Amino acid sequence: MASTPLQQKIDEIRRDEIVLRAGGGAQAIGRQHDKGRLTARERIAILTDDFFELGLWAAWQMYADWGGAPSAGVVTGIGTVAGRQVMLIANDATVKAGAFFPMTAKKVLRAQRIAMDNHLPLVYLVDSAGVFLPLQDEVFPDEDDFGRIFRNNAVISAMGIPQYAAILGNCVAGGGYLPVLCDKLLMTEGSGLYLAGPALVKAAIGQVVKHEDLGGAKMHAQISGTIDFREKDDAACLDRLKRLVAMLPADPVKVRCDAKSGKADKIAGIVTGDARQEYDVRDLLPHLLDAEPFDEYKAEFGPTLVCGYGRLGGVAVGVVANQKKRCKSPSGELQFGGVIYVDAADKAARFIMDCNQTRLPIVFLKDVNGFMVGRDSEQAGIIRSGAKLVNVIANSVVPKLTVILGGSYGAGNYALCGKAFDPRFLFAWPTARYAVMGGEQAASTLLDITISKLKRAGHTPDADELTELRRKVEASYQEQTDIRYAAARLWVDAIIEPAQTRSALLTALSVALRHDDGRAFKTGVLQT
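Residues numbered from 1 in each chain as written. Predicted model: local features only at pLDDT ≥ 70, side-chain atom pairs only at ≥ 80, totals over all residues. Heavy atoms only, no water.

Colleague: Whenever I open this one, the overall build of the protein confuses me. Can you help?
Modeller: Helices and strands together make up the secondary structure of the protein, namely 20 helices and 20 strands. Each of the three principal axes of the protein carries a C-alpha extent, and together these read 80 × 65 × 50 Å. With 528 residues in all, the protein has 53% of them scored as buried. A separation threshold of at least 6 residues defines the contact pool for the protein, and within that pool the share at least 24 residues apart is 73%. Carbon and sulfur atoms form 54% of the exposed surface of the protein, whose accessible area is close to 23,500 Å². Looking at the protein, you have 62 positive and 61 negative side-chain charges, and the mean spots of the two groups are 2 Å apart. (Helix = DSSP H or I, 4+ residues; strand = E, 2+ residues; numbered from the N terminus. Buried < 20%, exposed > 50% of the residue type's maximum accessible area, 1.4 Å probe, protein only. Contact = heavy atoms within 4.5 Å. Areas by Shrake-Rupley, 256 points an atom, 1.4 Å probe, with all protein chains shown as cover. Lys, Arg positive; Asp, Glu negative; His and termini not counted. Charge placed at Lys NZ, Arg CZ, Asp CG, Glu CD.)

Colleague: Would you mind showing me how to read unusual backbone geometry here?
Modeller: Excluding glycine, residues mostly carry a negative phi; peptide bonds, for their part, are mostly trans. Here Ala82, not a glycine, exhibits a phi torsion of approximately 50°, which is positive. Its place among the elements puts Ala82 in the loop between β2 (74-81) and β3 (84-91). Phi at Arg359 takes a positive value of approximately 60°, unusual for a residue other than glycine. Mapping Arg359 onto the fold places it in the loop between α13 (342-357) and β15 (362-368). Classification of Arg359 as partly exposed rests on a relative accessible area of 30%.

Colleague: Help me understand the nonpolar core in this model?
Modeller: One broad rule of soluble globular proteins: the nonpolar side chains tend to lie buried together. Met87, Tyr124, Ile149, Leu284, Leu365, Phe425 and Phe427 are the most contacted members of the largest nonpolar core, which has 95 residues in total. Per-element tally for this core: the top contributor is helix α4 (residues 102-118), with eight residues. Beyond its immediate chain neighbours, meaning those up to four positions away, Leu284 contacts Ile267, Ile270, Val271, Tyr279, Leu405 and Trp429. Among the nonpolar cores identified, the runner-up in size contains 27 residues, and Val320, Ile340, Ile352 and Ile382 belong to it. (Core = buried A, V, L, I, M, F, W, Y, C linked by side-chain atoms within 4.5 Å.)

Colleague: What exactly am I supposed to notice about the side chain of Asp343 here?
Modeller: As for its position among the elements, Asp343 is in helix α13. We note that Asp343 is buried and unpaired, the nearest opposite charge coming from Lys347 at a distance of 7.9 Å. Looking at Asp343, its side chain comes within polar contact range of the side chain of Gln335, at 3.4 Å. Discounting residues that sit within four places of it in the chain, Asp343 has contacts with Phe301, Gly302, Pro303, Ser329 and Gln335. (Salt bridge = Lys/Arg side-chain N within 4 Å of Asp/Glu carboxyl O. Polar contact = N/O pair within 3.5 Å; in protein donor to acceptor, adjacent residues only side chain to side chain.)

Colleague: Please explain the pattern of salt bridges as it appears in this structure.
Modeller: If the charged atoms of two oppositely charged side chains come close together, the side chains can form a pair. Summed over all chains, the structure comprises 31 salt bridges. Residues Asp346 and Lys388 are paired through a salt bridge, measuring 3.2 Å at the closest nitrogen-oxygen approach. In this pair, Asp346 is assigned in helix α13 and Lys388 in helix α15 (residues 382-394), connecting sequence segments 42 residues apart. Among the residues examined, Asp346 registers a relative accessible area of 24% and is labelled partly exposed. Among the charged side chains, a network of salt bridges with common partners joins Lys9, Glu12, Asp16, Asp482 and Arg484.

Colleague: Help me out: how do you make sense of the packing of aromatic side chains in this one?
Modeller: Two numbers describe a pair of aromatic rings. These are the distance of the centres and the angle of the planes. Inspection of the entire model under this criterion finds 15 aromatic pairs. Measuring from centroid to centroid gives 5.8 Å for Trp57 and Trp60, while their planes differ by 75°, and the two rings are edge-to-face. Here the aromatic rings of Tyr309 and Phe351 are separated by 5.1 Å at their centres, their planes lie at 50°, and the arrangement is tilted. Within this pair, whereas Tyr309 is found in strand β10 (residues 305-312), its partner Phe351 is found in helix α13, the two being separated by 42 residues in sequence. Owing to a relative accessible area of 0%, Phe351 belongs among the buried residues under this scheme. Members of the aromatic cluster, each reached through a chain of ring pairs, are Tyr63, Trp66, Phe101 and Phe132. A cation over an aromatic ring shows up here: Arg489 above the ring of Tyr485, its NZ or CZ 3.5 Å from the ring centre. (Phe/Tyr/Trp six-rings, centres within 6.5 Å; stacked < 30°, edge-to-face > 60°. Lys NZ or Arg CZ within 6 Å of the ring centre and 35° of its normal.)

Colleague: What's the story with a nonpolar patch on the surface in this structure? I'm lost.
Modeller: Residues Tyr177, Leu181 and Leu195 make up a contiguous nonpolar surface patch of roughly 290 Å² in combined accessible area. Overall, Leu195 belongs to the exposed group, its relative accessible area being 55%. (Patch = residues over 30% accessible without salt bridge, like charges linked within 9 Å, V, L, I, M, F, W, Y side chains within 5 Å.)

Colleague: I would appreciate a short explanation of helix α10 (residues 217-224) in the present structure.
Modeller: Owing to its 3.6 residues per turn, the α-helix aligns residues three or four sequence positions apart on the same side. Buried within α10 we find Ala217, Met219 and His220. Check the buried side of α10 and you find it contacts β6 (184-188), β7 (192-194), α9 (211-215) and β8 (229-231). One or two residues past the end of α10 sits Gly225, with phi positive at roughly 70°.

Colleague: Sorry if this is basic, but what is going on with the packing of α13 against α15 here?
Modeller: Between two packed helices, the angle of one axis relative to the other and the distance separating the axes together describe the packing. Where α13 contacts α15, the axes come no closer than 9 Å and their chain directions differ by 20°. Put simply, α13 runs roughly parallel to α15. Classified by chirality, the crossing of α15 by α13 is left-handed. Contacts between α13 and α15 involve Val342, Ala345, Asp346, Ala348, Ala349, Ile352 and Met353 from the former and Ile382, Ser385, Gly386, Lys388, Leu389, Val392 and Ile393 from the latter. Broken down by class, the residue content of the contact of α13 with α15 amounts to ten nonpolar, two polar and two charged. (Axes fitted to C-alpha atoms, helices over the stretch in contact; angles between N-to-C directions. Parallel < 35°, antiparallel > 145°, perpendicular 65-115°, else oblique. Left-handed = near helix turned anticlockwise from the far one by under 90°. Nonpolar A, V, L, I, M, F, W, Y, C, P; charged D, E, K, R; others polar.)

Colleague: In this structure, what is going on with helix α6 (residues 146-158)? I would like to understand it.
Modeller: Considered for burial, the residues of α6 that qualify are Phe146, Ile149, Phe150, Asn152, Asn153 and Ile156. When α6 is viewed along its axis, its buried side chains cluster within an angular range of 155° and face the same direction. Looking at the buried side of α6, the elements it contacts are α4, β4 (122-128), α5 (136-139), β5 (163-172) and α7 (177-180). Of the residues one or two after α6, Gly160 is the one with positive phi, at around 85°. (Arc of directions from axis to C-beta.)

Colleague: In this structure, what is going on with the side chain of Thr48? I would like to understand it.
Modeller: Looking at the secondary structure, you find Thr48 in the loop between α3 (40-47) and β1 (51-54). By relative accessible area, Thr48 is classed as buried at 10%. Reaching out from Thr48, the side chain makes a polar contact with the backbone oxygen of Ile44 at a distance of 2.7 Å. Apart from residues no more than four positions distant in its own chain, Thr48 is found in contact with Gly79, Thr80, Val81 and Leu88.

Encoded structure:
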């Protein structure tokens, strides 16, 4: 049996993930062990009972001039420590000594944002040389850069969200503020905490000082009083950290994460990953939701969006999903799958408002080409209906979880809760595609622009040049629509295999239900 495009992508993703999880590689791991220290992933494995990684693909194929930065040199994700869910942020010292690249800062900020939105305790495992100096202008100054991390530390503390920090190696320069702004601070022997290291102190003020006297664990435990616990090594530190986290109130069980529904691996028999494939999205729902009836909302109206009520881990949720097969409206109009028509937009807007009225979390499953275009659609008010849908999603106060199954194009990306609309979590399948428009349309448009530019310069390309130009344009656009390109820039939190979708949603929902700030749902002005 021939492998489907989906299975081919899954195999490719699995191979790449092995490399990413190796961080700086075998030699760098060996150097970390030679210092008597564990790697970031080894520390997480000891500390947690389970770990759901986020941002694994951060910085993928970026920073090539500097040798790359696998996973942006930091590991983040949701782990269970002593029975409590926490957000883990662990510097990977095998990647450029854990230095902060631009994407490192953005990845930490995303982890902090998730923790803030969901009132999730944070645990920082610090082992970093600070800012990556060759790129300091892209790391240091802006509101989504390095300093924002420390601002968040202070705000998170004021919100009453617990923060723990363990210094397990280097913690220098501005990075020193992070652990000191946390509630509890542990530090191992041989680690260093200082604003400036011995060499920089000598250069700046001419003072010669030993590492331990300047910022060692003993000094900070006995003299400066900066740290709360001095530990012999990683093992002792992680053991103490577990005991401290165990003192938090037990997490209330709101989601039954062991609830079973169908066989998740059957999804691959429904969706092949071919962008041209048609399928009924209702066939996917039994493999994602609990084994209870799905109550479809306005089932006979706006057929290109399927909306309805189901349960996930025992929790009532709303679902908004693209229909991927051709449909007929009651008037007999043929409607294409993956396209949002006026009736579908109106239905989804009304449904999302209802979910907010009853405080139901919403799961978005999208494989969307965008809104319908053309004279008839414009005259029917597609912009007005689309704006209404965007408005209610933007102003939703319930948790939103988004999974990109296939395409996520143009305004369809926005209207079905793309990254700009604050989903608590955003996952994507390996065959997902992320762009302002579909590949064929974009390639033709970009080619026309390129040809016009050449003609203005006095050169009319011949047939062979046109063929080569089209090839280059299509190759470039395909690279940028690859979901790994999006994940590298943190436009999605994780690339998940279809069989992992239910498990990922259960984890995300369990985190999202930790906190409801009680805000009232308001939309402002709606074009009706």
